[in-house]
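Per-entry structural report
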Amino acid sequence: MPEPTGVIHDIGYQRYTGPRLGRRYVFGALYLHGVRTAFGLGRSAKAKIFPWLVVGIVLMVAAAVTAIRSQIGETVMTYAQFADSMSWLVIFFTAVAAPELVSRDLRSGVLPLYFSRPLSHADYPLAKLLALVTALFLLLGAPQLVMFLGAAFTSDGMGGVWDELLDLLPGLLYAGLWAAVFASIGLLIASLTGKRAFAAGGIVAVFLMTTPVVGVLSILPAQAANQLAGIASPPTLVQGVGVWTMRDLLITDPDGVVPDLGPFGPVYALAAVALVAACVTLLLARYRKVAAR
Amino acid sequence: MTTTDSATRPATATSTLDLAGVSRWYGNVVAVNDVSMSLGPGVTGLLGPNGAGKTTLLHMMAGFLAPSRGTVSLDGRSTWRNPEVYRRLGLVSEREAVHTFLTAYEFVLATAKLHKLPDPQSAARRAVALVEMEDAQDRRIGTYSKGMRQRTRVAAALVHDPQVLLLDEPFNGMDPRQRLHMMELLHSLGDGGRTILFSSHILEEVEQVSGTVQVMVAGRLAASGDFRTIRRLMTNRPHVFAIRSTDDRALAVALMAEPSVGGVELGRDGLTVRAGDYGAFTRALPKVALARGVRVHQLVPEDESLESVFSYLVEA
Amino acid sequence: MTLIATESLTKVYGGGVTALSELTVAVEPGIVGLVGANGAGKSTLIKLLLGLLTPTRGRIQVLGLDPTVDTAAVRARVGYMPEHDCLPPDLSAAELVTHLGRISGLPRTVARERASEALRHVGLHEERHRPVGGYSTGMKQRVKLAQALVHDPDLLLLDEPTNGLDPAGRDAMLALVQRIGTEFGISVLVCSHLLGEVERICDTLVAIDGGRLLRADHIAAMTTATDVLAVEVSEGTEALAARLAALDLPVGREGRLLLVPLADQGTYDQILGAVAELDLPLHRLDQRRHRVAELFARRESSHA
């Protein structure tokens, strides 16, 4: 018979001697957490409802467009047009996701727990911004990928797939532009208040209130003002950049109303870059202040 | 000291706050359950774990909240919705928005006017002086520290010179100096004949301000009175003393022979004695030590503090 | 190694408010109490320690590093528990502490394991998978402590850790802090307004008053025995006072205590003899000690 044995294991406090990962890893962790948060992952079931409703709608639209094209052969919308036609969904998604990403943290007072860790005060907003850009890009890009796959399977030969790919890439770039502009505006507004309802209202309001400005400017009796009107509102600004850079992909209906940019296409592009840069600068300034508080 | 001059000024008449069978429930939740007590002049501490019903009790005393059953009366008159009572009673609640854009003086003055005092200016000045806030009285409350805000609110509660002052966690957020100051203030107000009841979780401080306590546990009044007396009433708890002497071992042997002693533990730092009969042991110890020629250097009661009394009451 | 060292540390805010003025102090590892009359200096010092603020003048070192230069390195080795509410109500304690562990640089699986361990050590068990919003004050304080502990810091900064706790909760929290300082081997800086608390758990004390150093010393040195004996009898205080006075002992009074100067060993016998003769119940006989509170006992009329 073996000797009875016994042992008491040490389950007291253990010091940690393993690796402590650097700034890039910490940034990545915060970024991934942000992307998940935008889609309500790791959150309550209630937080998942809206993001996935929007995801469902865009995917359904993409599926319908693909089906129509493969069955009837008619192209309902191009890849680039997809982003344009989904603009209101993007705005709503931003209005829900941005406050979820930053207002909630302001409200709960959790920020001191972040800023007392090896994370610079710029990393926090940048990781959140990148997360929101990614989420919006996925929202607009994934359906385009569905459309592409549908088209690629029904096209004849590699040549057709190549042509589709050449159409898809500008569409994805355009989606990236949408994502960058909307995310930076949305996150900046949301970072100003801890109340999620206020933040969401503020984001929708900015997009909503600037639309009439465009309307007024475009009927002024001055051609330059008409041609520059689109700059006044983020959605028309982004569309302007699109029309300037990829006119053929965005305007497929020869009888439709075409925004007239005149010679100001580059101004639109510059304005878009300036807008994003300004939002990011203000966002960083905001968090420099928050971190020291 | 300016505080004591006005605070210890003999009060015209003292007041008694009486609670008879007071209960308060919210739906099925019973916050206060059949509490009867009588509070006279002097300082009393109101103790209890979180959620024991202290704040509800204070609000009923102040007449802000109606008891679901029973009566709260000040000198025989019910406090609930009785404007006469408001003139003789002040309440400093735990969390209360102070108007940060006012100065302390303005805030206290506004309170004085609300009470329709005949000379609100001098009443406000007197109350501000009582809490020693004259130096900062013309700065906006928004610039104050927590302790200064708290003192401002005490001044507002005192502006109409009430006979009864109720305070919910008055020391919260105060720094050491402000705490000492507030303790002295409560002391002097109590010595001046006012009836003061304050709640606190910091038992060392309660012990310093007042030996008289009311202990709430889960809505019930678990004990009232002098905490040392309350301790003596707990006859099922042996009294623990730490003793150091010139010959601990000899003293231990001698003490074991005493019927009042339940157990003696000999440690490196002296003796720990468990005595069943407090009176008999504390009388016997000096004689036993002298008889054996042992010199006692230290005799310290280990579980006689308010802290131990409180934990015994809550555990029971 | 010195835990915290400052040299003429001064912080003046934009509005001209001086929160810290010429603070020079060196603190050894252990449990350190930080007490301040007037809160501004205390929170400013914490922010300077974490590199959230830069000093206006002077130098500061934490664990041998300068937090204004090696900010990330300092923060990786420091854990901070804020005074105020800082927990998102919809997350569970386990999720939150794991996430914050990763933000401190712990690899994913390590963060999960250490979060679970940290929560166990602070005394949170099955409830750690429920949303924090439903926790009691005591449980929230424990979660705040666990998140400061998850990455195994060498220094913990605890800002009013017993704030809002009832007596039982305070007791448990103080015992926990003491265990962290001794058993876990982690140095702790405890900010507190409660001197009794500091006296109970700390080895050393740094007292700041109006931004200036009031005193930095071992608690033991601040609570040395005086040569006065405190005598308390549960009845017959007057009779004993009279008897001691008759023995030519200069008796003082403080509340229920009789204070007798300790001339020599004979004083003990005289007192014990007097008590025995009068057949009084002796409640306490003890050499008086200095108290930390004496630091603040001298009141200043203006504290702006």
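Residues numbered from 1 in each chain as written. Chains lettered and ligands numbered in written order. Predicted model: local features only at pLDDT ≥ 70, side-chain atom pairs only at ≥ 80, totals over all residues. Heavy atoms only, no water.

Before going further, it helps to spend a moment on the overall build of chain A. Looking only at helices and strands, one finds 12 helices and zero strands in chain A. The helix and strand sequence of chain A, counted from the amino end, reads α-α-α-α-α-α-α-α-α-α-α-α. Taken along its principal axes, the extent of the C-alpha atoms in chain A is 95 × 55 × 30 Å. By residue count, 44% of the 293 residues in chain A fall in the buried class. A sequence separation of at least 24 residues applies to 75% of the contacts in chain A between residues at least 6 apart. As displayed, chain A has an accessible area near 14,500 Å², and 70% of this comes from carbon and sulfur atoms. Between the mean site of the 20 positive side-chain charges and the mean site of the 15 negative ones, chain A shows a separation of 23 Å. (Helix = DSSP H or I, 4+ residues; strand = E, 2+ residues; numbered from the N terminus. Buried < 20%, exposed > 50% of the residue type's maximum accessible area, 1.4 Å probe, protein only. Contact = heavy atoms within 4.5 Å. Areas by Shrake-Rupley, 256 points an atom, 1.4 Å probe, with all protein chains shown as cover. Lys, Arg positive; Asp, Glu negative; His and termini not counted. Charge placed at Lys NZ, Arg CZ, Asp CG, Glu CD.)

As a general feature of sheets, a regular strand has side chains that alternate between the two faces. Looking at chain direction, strand S9 (residues 212–217) of chain B and strand S10 (residues 220–226) of chain B are connected through six bridges and run antiparallel. By the bridge assignment for S10(B), Thr212(B) is matched with Asp226(B). (Pairing = 2+ DSSP bridges.)

The next point concerns the interface of chain B and chain C. Counting residues at the interface gives 46 residues for chain B and 51 residues for chain C. Both sides of the chain B and chain C interface together cover about 4,100 Å² of buried area, and 50% of this is carbon and sulfur. Linking chain B with chain C are five salt bridges, by the criterion used here. At the junction of chain B and chain C, the tally comes to 16 residue pairs in polar contact (both at pLDDT 80 or more). Counting only elements with at least two residues in the side of chain B that touches chain C, the list comes to helix H6 (146–158), helix H7 (176–191), helix H8 (203–209), helix H9 (227–233), helix H11 (278–292), strand S14 (296–301) and helix H12 (306–315) of chain B. Residue classes in the side of chain B that touches chain C are distributed as 18 nonpolar, nine polar and 19 charged. (Buried area = accessible area lost by both parts, 1.4 Å probe. Salt bridge = Lys/Arg side-chain N within 4 Å of Asp/Glu carboxyl O. Polar contact = N/O pair within 3.5 Å; in protein donor to acceptor, adjacent residues only side chain to side chain. Nonpolar A, V, L, I, M, F, W, Y, C, P; charged D, E, K, R; others polar.)

Moving on, we get to the interface of chain A and chain C. Between chain A and chain C, the residue contacts involve 31 residues of the former and 42 residues of the latter. For the pair chain A and chain C, the summed buried area comes to about 3,300 Å², and 54% of that belongs to carbon and sulfur atoms. Arg15(A) is the partner of Asp154(C) in a salt bridge, and the nearest nitrogen-oxygen pair spans 2.9 Å. Those elements that place two or more of their residues in the side of chain A that touches chain C are helix H1 (23–38), helix H4 (87–108), helix H5 (111–115) and helix H12 (265–292) of chain A. Element by element, the count of residues in the side of chain A that touches chain C is highest for H1(A), at five residues.

Residue and element names in this part refer to chain C. Spatially, S5-S6-S7-S3-S8-S9 is the arrangement adopted by the six strands of the open sheet, whose pairing is mixed. One side of each edge strand has no neighbouring strand; the edge strands of this open sheet are strand S5 (78–81) and strand S9 (212–218). Geometrically, the sheet is characterised by an average inter-axis angle of 15° between neighbouring strands, direction not taken into account. Taken together, the four bridges between strand S3 (residues 31–37) and strand S7 (residues 187–191) define a ladder with parallel strand orientation. Paired with Leu-34 across the strands is Cys-191, a residue of S7. The strands touched by helix H6 (residues 167–182) are S3, S5, strand S6 (155–159) and S7; relative to S7, the strand with the most contacts, the crossing angle is about 145°. (Axes fitted to C-alpha atoms, helices over the stretch in contact; angles between N-to-C directions.)

Let's shift gears to the sheet that holds strand S3 (residues 42–47) of chain B. Residue and element names in this part refer to chain B. On the basis of which strands lie adjacent, the open sheet formed by six strands has the order S6-S7-S8-S3-S9-S10 and mixed pairing. Unpaired on one side and paired on the other, strand S6 (89–92) and S10 mark the two borders of the sheet. On average, each strand axis in the sheet is inclined to that of its neighbour by 15°, with strand direction left out of account. In this structure, S3 lies alongside strand S8 (residues 195–199), joined through five bridges in parallel fashion. What sits directly across from Val-43, in S8, is Ile-196. Strand contacts of H6: S6 and strand S7 (164–168), with the helix running at about 165° to S6, the strand carrying the most contacts.

A word on the packing of helix H10 (residues 248–256) of chain B against H11(B). All names here are of chain B. Between H10 and H11, the least distance of the axes is 10 Å, while the angle of their chain directions is 130°. On the basis of the axis angle, H10 is oblique to H11. Regarding H10 and H11, the two cross each other, and that crossing is right-handed. Where H10 approaches H11, its residues Leu-251, Ala-254 and Leu-255 are matched on the opposing element by Phe-281, Leu-285, Val-288, Ala-289 and Arg-292. Considering only residue class, the contact of H10 with H11 consists of seven nonpolar, no polar and one charged. (Parallel < 35°, antiparallel > 145°, perpendicular 65-115°, else oblique. Left-handed = near helix turned anticlockwise from the far one by under 90°.)

A separate point is the packing of helix H7 (residues 157–190) of chain A against helix H8 (residues 196–218) of chain A. Helix-helix packing: each pair is described by the crossing angle between the helix axes and the interaxial distance. All names here are of chain A. H8 packs onto H7 with a crossing angle of 135° between their chain directions and a minimal axis gap of 9 Å. Judged by the inter-axis angle, H7 sits oblique to H8. In this structure, H7 crosses over H8, and the sense of that crossing is right-handed. Two secondary-structure elements touch here, H7 through Phe-182, Ile-185, Gly-186, Ile-189 and Ala-190 and H8 through Ala-199, Gly-202, Ile-203, Val-206 and Phe-207.

Bringing a nonpolar patch on the surface into the picture now. Residues and elements named next belong to chain A. Among the surface-exposed residues, Trp-88, Phe-92, Leu-208 and Met-209 lie close enough to one another that they form a single nonpolar patch of about 420 Å² accessible area. Put simply, the parts of the chain that give the nonpolar patch at least two residues each are H4 and H8. Relative to the helices and strands, Leu-208 is located in helix H8. Among the residues examined, Leu-208 registers a relative accessible area of 44% and is labelled partly exposed. (Patch = residues over 30% accessible without salt bridge, like charges linked within 9 Å, V, L, I, M, F, W, Y side chains within 5 Å.)

Bringing the side chain of Ser245(B) into the picture now. Residues and elements named next belong to chain B. Within the secondary structure layout, Ser-245 lies in strand S11 (residues 239–245). Within the structure, the side chain of Ser-245 is placed 3.4 Å from the backbone nitrogen of Asp-247, a separation counted as a polar contact. Engagement of the side chain of Ser-245 in a polar contact is seen with the side chain of Asp-248, the distance being 2.7 Å. Setting aside residues up to four positions removed in sequence, Ser-245 forms contacts with Leu-251, Val-294, Arg-295, Val-296 and His-297.

With the rule as written, the count across this model stands at 39 salt bridges over all chains. Salt-bridge contacts for Arg69(A) lead to Glu164(A); the nearest nitrogen and oxygen are separated by 2.3 Å. A residue pair is termed long-range when its members are at least 10 positions apart, and Arg69(A) in helix H2 (residues 45–72) and Glu164(A) in helix H7 qualify at 95 residues. Linking Arg59(C) and Glu7(C) is a salt bridge whose minimum nitrogen-to-oxygen distance equals 3.1 Å. Of this pair, Arg59(C) sits in strand S4 (residues 57–62) while Glu7(C) sits in strand S1 (residues 4–12); the two residues are 52 residues apart in sequence, bridging distant segments of the chain. Connected via shared salt-bridge partners are Arg43(A), Glu100(A), Arg104(A), Arg196(A) and Asp90(C).

We now examine the packing of aromatic side chains. Enumeration according to the criterion identifies 14 aromatic pairs over all chains in this entry. By way of ring pairs, the aromatic residues Tyr114(A), Phe115(A), Tyr124(A) and Tyr287(A) are connected into one cluster. Above the ring of Tyr26(B), the side-chain terminus of Arg24(B) is found at 4.7 Å from the ring centroid. The ring of Tyr278(B) has Arg232(B) lying over it, and the distance from NZ or CZ to the ring centre is 3.7 Å. (Phe/Tyr/Trp six-rings, centres within 6.5 Å; stacked < 30°, edge-to-face > 60°. Lys NZ or Arg CZ within 6 Å of the ring centre and 35° of its normal.)

The next thing to look at is the UniProt feature "transmembrane region" (unreviewed entry) in chain A. All names here are of chain A. The positions UniProt marks with the feature "transmembrane region" (unreviewed entry) are residues 49–68, 126–151, 171–190, 197–220 and 267–285. This span, residues 49–68, is 100% helix and 0% strand, and a straight line between its end C-alpha atoms measures 28 Å. Segment residues 126–151 splits into 100% helix and 0% strand. End C-alpha atoms: 36 Å apart. (UniProt positions renumbered as here; feature names shortened; annotations may be inferred.)

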